[in-house]
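# An overview of the molecular structure
One-letter residues, chain by chain:
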Amino acid sequence: RYEPTWSSLDARPLPAWFDEAKFGVFIHWGVFSVPSFGSEWFWWYWQKEKREPYVKFMEANYPPGFSYEDFGPLFTAEFFDPNQWADILKASGAKYVVLTSKHHEGFTLWGSKYSWNWNAVDVGPKQDLVAELATSVRNRTDLHFGLYHSLFEWFNPLFLEDATNAFKTRKFPTSKSLPELYEIVNKYQPEIIWSDGDGNAPDTYWNSTGFLAWLYNDSPVQDTVVTNDRWGVGSICTHGGFYTCSDRYNPGHLLPHKWENCMTLDRSSWGYRRDARLSDYLTIEDLVKQLAETVSCGGNLLMNVGPTHDGRIAVVFEERLRQVGAWLKVNGEAVYGTKPWRAQNDTVTPGVWYTFSPKEGKVNAIFLNWPVSGTLELGEPQAKLGETQVKLAGYKELLKWVALGEKGMIIALPQLTPKQLPCQWGWTLQLTDIN
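Going by what an unreviewed UniProt entry lists, the chain is known as alpha-L-fucosidase and is assigned to Pomatostomus ruficeps. One UniProt comment on the chain, placed under Subunit (unreviewed entry), says "Homotetramer." Turning to the chain, the UniProt annotation filed under Sequence similarities (unreviewed entry) states: "Belongs to the glycosyl hydrolase 29 family."

In structure tokens:
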């Protein structure tokens, strides 16, 4: 059994499924999807920081005295089709999904007993959105279902009172935050708890270690659940399950601890933005590059989309997710279930990232640019004459290669028309019998 101490909790082995999964989809959805302007931090930027674009937006479009709470009934979700969402998630090639059950605004996407009249069953959709998505994902896909949960709430009076008392009182965690966490685990049995938003309070204020000890010892998901590292000031990148370290974290080198790169398709927001331009969205080339870099360095990629207030996954997000899925159909062996190799990227040719498939004993070289010369030089692999074989994922015939002394090789790529290429945005060489 795990003790409610970091030394005990941190010794828990991470359930194997998470490292094997490599790729997940994050979904930021809530009342912030109604103004869908600027960022999911809309309420804070408008009311607390009084940032000019937000203040002007409200003055121009809403009557005087309109409060953030008034957005609640406008969060309608009338086009929300959880089966369609599940089908898009499946098509993306993702192996897990993480939904914001509650962001810093405090609005819960389930009918929480602890969020009176500020939840999706009492206000807005009048539906348990968490339950509906969980059911569809479990019925239609093999994805692991996870939930994001914000510890703190910007404007909750109980939290503000505790903060004023320098967190010597604990009214907010005992009456709101912790009961919600137990509630979502017991009710929806998520296999990921993605915690966030420490509110500048220590983990002792949140009783994070007490909750995690229960989660790992006695909860309905004790054997399979995976957690992140955001459990109070100072815990990020130090304690918990996998490390996130920061948003959009992509170190470019191997880390000793399992980590995740959580990032957004929209470069500047996690929630949906009506004012986004096409250039604000990452291209499929950007995404394949992020995935290759992240996985080769031992990380998972958690790619975020923000649905609209009426429950749609915008077409641009759907297209990107389906494109990643199409790429993974061809190159998935270089991603799923792989381990980092002794070299993460090539020393001679830029834009080449390595992974290792332990079952097959294969080294995978994902290269992002198809060379004009038709030959690819790799500085890292040590090939063995008459033994090493080189294949291009999605192409039947073996490729010819020449060794370069002790280390390195030149590989002749097949001469293919654009239509004949196995995929469009990054390719995988599979090398067997490499030293």
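Once you've had a look at it, read on.
### Some thoughts on the packing of aromatic side chains
For the structure on display, the rule yields 54 aromatic pairs. A centroid spacing of 5.6 Å and a plane angle of 70° characterise the contact between Phe159 and Phe172, whose relative ring orientation is edge-to-face. Of this pair, Phe159 sits in helix 7 (residues 157–164) while Phe172 is found in helix 8 (residues 171–188), placing the two residues 13 residues apart along the sequence. Accessibility expressed as a relative area gives 5% for Phe159, which makes it buried. Note on Phe211 and Trp214: the rings are 5.8 Å apart at their centroids and 40° apart in plane angle, and the pair reads as tilted. Of this pair, Phe211 and Trp214 are both found in helix 10 (residues 208–217), three residues apart, which corresponds to roughly one turn of the helix. With respect to burial, Phe211 and Trp214 carry one shared label: buried. The residue whose ring lies beneath Lys95 is Tyr336, and the NZ or CZ to ring-centre distance is 4.7 Å. Over the ring of Trp341 we find Arg342; its NZ or CZ atom is 4.3 Å from the centre of that ring.

### Quick notes on the UniProt feature "domain: Alpha-L-fucosidase C-terminal" (unreviewed entry) in the chain
Here the UniProt-annotated "domain: Alpha-L-fucosidase C-terminal" (unreviewed entry) positions come out as residues 344–432. Taken end to end, residues 344–432 is 0% helix and 37% strand, and its two terminal C-alpha atoms sit 17 Å from one another.

### Some remarks on the pattern of salt bridges
Oppositely charged side chains can form a pair if their charged atoms are brought close together. By the definition in use, this model includes 25 salt bridges. Across the salt bridge formed by Arg230 and Asp196, the nearest N and O atoms sit 3.1 Å from each other. In this pair, Arg230 is assigned in the loop between strand 5 (226–227) and strand 6 (259–264) and Asp196 in strand 4 (residues 192–196), connecting sequence segments 34 residues apart. Here Arg230 matches Asp196 in class, with each residue buried. Where salt bridges share partners, they join Asp19, Lys22, Lys258 and Lys339 into one cluster.

Parameters and conventions
Residues numbered from 1 in each chain as written. Predicted model: local features only at pLDDT ≥ 70, side-chain atom pairs only at ≥ 80, totals over all residues. Heavy atoms only, no water. UniProt positions renumbered as here; feature names shortened; annotations may be inferred. Phe/Tyr/Trp six-rings, centres within 6.5 Å; stacked < 30°, edge-to-face > 60°. Helix = DSSP H or I, 4+ residues; strand = E, 2+ residues; numbered from the N terminus. Buried < 20%, exposed > 50% of the residue type's maximum accessible area, 1.4 Å probe, protein only. Lys NZ or Arg CZ within 6 Å of the ring centre and 35° of its normal. Salt bridge = Lys/Arg side-chain N within 4 Å of Asp/Glu carboxyl O.

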